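Report on the structure
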Amino acid sequence: MLRDAITAFAQTFSPAFRRVLLRSIGLAIGLLIALGVGAHYALTYFVTLDLRWAEITVDILAAFGILIGAIFLVPPVTSLVAGLFLDDVAEQVERNDFPQEPVGQAVPIGRSLVLTAKFFFVMLAVNLVALLLLLVPGVNLFVFYIANGYLLGREYFQLAAMRYRSEDEVALMRRHHGVATFLGGLVIAVVVSVPILNLITPVFATIFMVRMHKRLSRAG
């Protein structure tokens, strides 16, 4: 697994994936900025103060809060971005790194969008809970890593495996290799928790889980 992760990390920055990496980073930043602007507008719209110093204080606290909130919103935002680029990245990995094996079939666009949207809202809810627990030392980090480790491992493994298997087969395989997919999700969660670096998550996680699915498929 560590070999898969290290290889995936190196490939993420390779020329072969540079274009899709830049596109995914740009889209993720755009979505985070849009969410931040929306949150700031909502706060200033509903909270009005007569004192100038109080308004400045609220603006500063709001900006800080939005920055912290953005960290917790990266997992759901990057999961949403992944749904747009996963098949392109996965196909390139399959063709270049596993030329002796057949290339997988892209998940139908309608089903892919449904799965991506469903996962986005689940991730959003979980990370909002983790954000609300921010004032409870230790607990918020535990919730963040455990929840995101499980969800990210589940999501990316499912999207990679569904190129070769039905949803029922993927569910059975994921349960059979539950520990492996959870640990793989924890690796992705660690990347997600590092500011700036977390913007590479969609490309890195896709390459990582494609390689992991290949390895587990051979294991039976």
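Keep in mind the model is a prediction, meaning the values are calculated, not measured. Numbering of residues starts from 1 in every chain and runs along the sequence as written. Where local features are concerned, this predicted model is filtered to residues with pLDDT of at least 70; where side-chain atom pairs are given and counted, the filter is 80 or more; whole-chain, interface and lining totals use all residues. Each side-chain value is derived from all of the structure's non-hydrogen atoms; neither hydrogens nor water enter the calculation.

**A closer look at a nonpolar patch on the surface**
Quick reminder of the rule: Here, patches come from residues exposed beyond 30% relative accessible area and free of salt bridges, joined within 9 Å for like charges and within 5 Å for nonpolar side chains (Val, Leu, Ile, Met, Phe, Trp, Tyr). Calculation of accessible area relied on Shrake-Rupley with a 1.4 Å probe; when residues are assessed, cover is drawn exclusively from the protein chains displayed. One speaks of a salt bridge when a side-chain nitrogen belonging to Lys or Arg is within 4 Å of a carboxyl oxygen belonging to Asp or Glu. Helix and strand labels come from DSSP, where a helix needs a run of H or I of at least four residues and a strand needs a run of E of at least two; each type is numbered from the N terminus. Buried, partly exposed and exposed residues are distinguished by accessible area as a fraction of the type maximum, computed with a 1.4 Å probe on protein chains only: under 20%, between the cut-offs, and over 50%, respectively.
Residues Leu 27, Leu 84, Ile 109 and Leu 113 make up a contiguous nonpolar surface patch of about 380 Å² in total accessible area. Position of Leu 113 among the secondary structure elements: in helix α4 (residues 109-132). Owing to a relative accessible area of 47%, Leu 113 belongs among the partly exposed residues under this scheme.

**Quick notes on the packing of helix α5 (residues 139-161) against helix α6 (residues 167-176)**
To keep it simple, the criterion reads: For every element, the axis is a line fit to its C-alpha atoms; helices are fit only across the contacting stretch, and the angle between N-to-C directions ranges from 0 to 180 degrees. Relative orientations are named as follows: roughly parallel for angles under 35 degrees, roughly antiparallel for angles over 145 degrees, roughly perpendicular for angles from 65 to 115 degrees, and oblique for any other angle. Throughout, a crossing is termed right-handed when the near helix is turned clockwise from the far one, and left-handed when it is turned anticlockwise from it by less than a right angle. Contacts are assigned to residue pairs with any non-hydrogen atoms lying within 4.5 Å of each other. When residues are sorted by character, Ala, Val, Leu, Ile, Met, Phe, Trp, Tyr, Cys and Pro go into the nonpolar class, Asp, Glu, Lys and Arg into the charged class, and all the rest, Gly among them, into the polar class.
It is at 10 Å that the axes of α5 and α6 come closest, and there the two elements cross at 135 degrees. In this view, α5 runs oblique relative to α6, as classed from their interaxial angle. Where α5 crosses over α6, the handedness of that crossing is right-handed. Side by side, α5 and α6 meet where Arg 154, Phe 157, Gln 158 and Ala 161 of the first sit next to Val 170, Met 173 and Arg 174 of the second. Its residues placed into classes, the contact of α5 with α6 shows 4 nonpolar, 1 polar and 2 charged.

**Brief notes about the environment of Leu 197**
Note that Leu 197 resides in the loop between α7 (178-192) and α8 (201-219). For the pair formed by Leu 197 and Ile 25, sequence separation is 172 residues and the distance between their alpha carbons is 10.0 Å. Setting aside anything within four residues of it in sequence, one finds Leu 197 in contact with Phe 9, Phe 13 and Val 191.

**Some details on the pattern of salt bridges**
Within this structure, the stated rule accounts for 9 salt bridges. Linking Glu 167 and Arg 111 is a salt bridge whose minimum nitrogen-to-oxygen distance equals 2.8 Å. Of this pair, Glu 167 sits in helix α6 while Arg 111 sits in helix α4, and the two are 56 residues apart along the sequence. Classification of Glu 167 by relative accessible area gives partly exposed; the value is 34%. What emerges from the salt-bridge pattern is a single network uniting Asp 4, Asp 97, Arg 211 and Arg 215.

**Comments concerning empty space enclosed by the protein**
The following threshold applies: Cavities and pockets are defined on a 1 Å grid built over the protein atoms alone: a cavity is a set of grid points where a 1.4 Å probe fits but cannot escape, while a pocket is an open set with protein on both sides within 12 Å along at least five of seven lines, and lining residues are those with an atom within 4 Å of any such point. Grid points are joined across faces, edges and corners, and a volume is the space filled by probe spheres set on the points.
According to the stated counting rule, one finds 1 cavity of 30 Å³ or more in the structure shown. Considered as a void within the structure, the largest cavity measures approximately 40 Å³ in volume. Lining the largest cavity are Gly 83, Leu 86, Asp 87, Val 107, Ser 112 and Leu 159. Among the elements that take part in the lining of the largest cavity, helix α3 (residues 52-97) stands out by supplying 3 residues, more than any other.

**Brief notes about the packing of aromatic side chains**
For clarity, the cut-off: Each Phe, Tyr or Trp ring, with Trp reduced to its six-membered ring, pairs with another whose centre is within 6.5 Å; inter-plane angles below 30 degrees give stacked pairs, above 60 give edge-to-face pairs, and intermediate values give tilted ones. Here, over-ring charges are defined by two tests on the NZ atom of lysine or the CZ atom of arginine: distance to the ring centre within 6 Å, and angle to the ring normal within 35 degrees.
For the structure on display, the rule yields 4 aromatic pairs. With a centroid separation of 6.2 Å and an interplanar angle of 75 degrees, the aromatic rings of Phe 9 and Phe 204 are classed as edge-to-face. You can see Phe 9 sitting in helix α1 (residues 2-12) and its partner Phe 204 sitting in helix α8, a full 195 residues away along the chain. Looking at Phe 9, the relative accessible area reads 35%, which means it is partly exposed. Here the aromatic residues Phe 9, Phe 13, Phe 204 and Phe 208 are joined through ring pairs into a cluster of three or more. One Lys or Arg, Lys 214, reaches over the ring of Phe 98 and ends 5.4 Å from the middle of that ring.

**Some thoughts on the layout of surface pockets**
One number sums up the size of the second largest pocket: a volume of about 270 Å³. Forming the boundary of the second largest pocket are 14 residues, of which Leu 115, Lys 118, Arg 154, Glu 155 and Gln 158 lie nearest the centre. Where the lining of the second largest pocket is concerned, the elements lending two or more residues are α4, α5 and α6. Tallying contributions element by element places α4 first for the lining of the second largest pocket, with 5 residues. Partitioning the lining of the second largest pocket into residue classes produces 7 nonpolar, 1 polar and 6 charged.

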